[in-house]
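Secondary and tertiary structure notes
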Amino acid sequence: MPNLVRIAPGALTIGKPLPWTVFDADGNVLLRQGYVIQNDIQLEQLFERGLFQPRNIERPQDEVLEDTRVLNPFAEYPLLLQTLESALNAVTRREESALKRVLGLSRMIDKMCQESPEASLALVHLYSIEPTIHEQILFYAVLCQFTARRFGLDDKRTAVLISAALTANLALVPVADKLNASNRLLTDEQRAVIRKHPERSIQALKDAEITNPLLLKIIAQHHEQADGSGYPQGLSGTDIRGEAEILALAERYVAMITRRAYRERMNVVEARKLVNSLANGKFRPAIPRALLAVLTEYPPGTLVRLANNEIAVIVRRPHRHRGPFAKAIIGPRGNRYSGSFERDCSLLEFNVRDIEQPEVMPSMDFGLLWGFR
């Protein structure tokens, strides 16, 4: 198998699903995407023996536009992260291709979310344990796409919003992973970096000749709050663009469900309650309602315990008074199924009894669970 490269230290995390399939030097599959590293010994063995195949990210823009494949979010996940990193680097370096790269990635995310909505939402929840800054940004963009469509934004405004989600935190990229891994109180200098990141991100975009007024306004306002308590200008009410509020809410939700060194993560039930409470003055009520409608009670990618004591992963949201639908992966006695079994959770024996939030995710073949071959 050509173009295999060694896995860099820090690229893998115990308890978090592998973002790509890992091969040995002869091109044989060692571990498939979705496998969860259980301990330090496995981690060391992967760094010693493991190789992966990076996807080509220098695709001409025309090829992206003409791509007629139905996008498999799990297969595309490594490519999306590589493309995002490449696009943000292009902005920082003021490359001529910067705008084209950002817009191309925005279109790819929009297409993926429309064609494979359940799997796209599942990405956010399956990889939410300790995401890198690039993963967080990708999750913001995915949630913005869904919320914007539900909120009723047209294609053009949705596209600009997704681009804003991809670039709003550009100034935080160099420091975010370090901040997330620290359990110490923020220093005054770190607080200043965080508060100034909208302005610094905007300046970097302008320097790269990316000047769309709506894009820059969304970024400028995405930490303002409807009650006037936000920053940098303390705007309130309708002075804040709806798109900026959608981005702010996407960031808040991702923060709720992800684990940090300084706090545990919420499960989706707790996160939904908090999102619902934000309709009380922090946001236009219709925006939290739109996100909650997208997520439903149990979003795809959520691990649940069923009434029959199976452990399952939600794969589809409710449809026509049935569902949500789940794939059972662990039996009532804790035995791991060799495959998976679809369960309609609207049936009494398969009702969702509880949310499962293990410290270490069970391994699963994401593609197969969502019907990709």
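Reference entry: report on the structure contained in this document. (Residues numbered from 1 in each chain as written. Predicted model: local features only at pLDDT ≥ 70, side-chain atom pairs only at ≥ 80, totals over all residues. Heavy atoms only, no water.)

1. A few points about the pairing of strand β6 (residues 311-316)
In terms of residue burial, β6 counts as a mostly covered element, since five of its six residues are buried. In this sheet, β6 lies alongside strand β5 (residues 303-306) in antiparallel orientation, the contact comprising three bridges. When the bridges of β6 are listed, R305 appears paired with I311. Hairpin geometry of β5 and β6 is characterised by an intervening segment of four residues between the two adjacent antiparallel strands and by a positive phi of about 80° at N309. Where β6 lies against strand β7 (residues 325-330), five bridges are found, and the strand directions are antiparallel. Note that in β7 the partner of A312 across the bridge is A328. (Buried < 20%, exposed > 50% of the residue type's maximum accessible area, 1.4 Å probe, protein only. Helix = DSSP H or I, 4+ residues; strand = E, 2+ residues; numbered from the N terminus. Pairing = 2+ DSSP bridges.)

2. Quick notes on empty space enclosed by the protein
Leftover empty space is mapped by rolling, across the atoms, a probe with the size of a water molecule. Using the criterion set out here, one finds one cavity of 30 Å³ or more in the structure. As a volume, the largest cavity reaches approximately 160 Å³. H125, R265, T302, L303 and Q357 are the residues nearest the centre of the largest cavity, which is lined by 15 residues in total. (1 Å grid on protein atoms, 1.4 Å probe; cavity = no way out; pocket = protein on both sides within 12 Å on 5 of 7 lines; lining within 4 Å. Points joined across faces, edges and corners; volume = space filled by probe spheres on them.)

3. Overview of the environment of S86
Position of S86 among the secondary structure elements: in helix α3 (residues 73-92). On the accessibility criterion, S86 (15% relative accessible area) is buried. The sequence separation of S86 and R101 amounts to 15 residues, and the corresponding C-alpha distance is 8.0 Å.

4. So, the nonpolar core
Grouped together as the largest cluster of nonpolar side chains are 105 residues, with contacts concentrated most on F74, I109, L126, L143, Y253, M364 and W370. For this core, the element with the most residues is helix α6 (residues 133-151), which contributes 11 residues. When residues no more than four places from it in sequence are discounted, the contact partners of Y253 are H125, L143, V268, A271, V275, L291, L295 and P299. Within the second largest apolar cluster, nine residues are counted, among which are V22, L31, I37 and L43. (Core = buried A, V, L, I, M, F, W, Y, C linked by side-chain atoms within 4.5 Å. Contact = heavy atoms within 4.5 Å.)

5. Focus: the sheet that holds strand β9 (residues 352-355)
In space, the five strands of this open sheet follow the order β8-β7-β6-β5-β9, with antiparallel pairing throughout. The open sheet has two edge strands, β8 (336-344) and β9, and neither has a second partner. Strand after strand, the sheet turns through a mean of 40° between neighbouring axes, direction not considered. Of the pairings in the sheet, the one linking β7 to β8 comprises five bridges and is antiparallel in character. Residue I330 lies in a different strand from β8, and its bridge partner there is R336. (Axes fitted to C-alpha atoms, helices over the stretch in contact; angles between N-to-C directions.)

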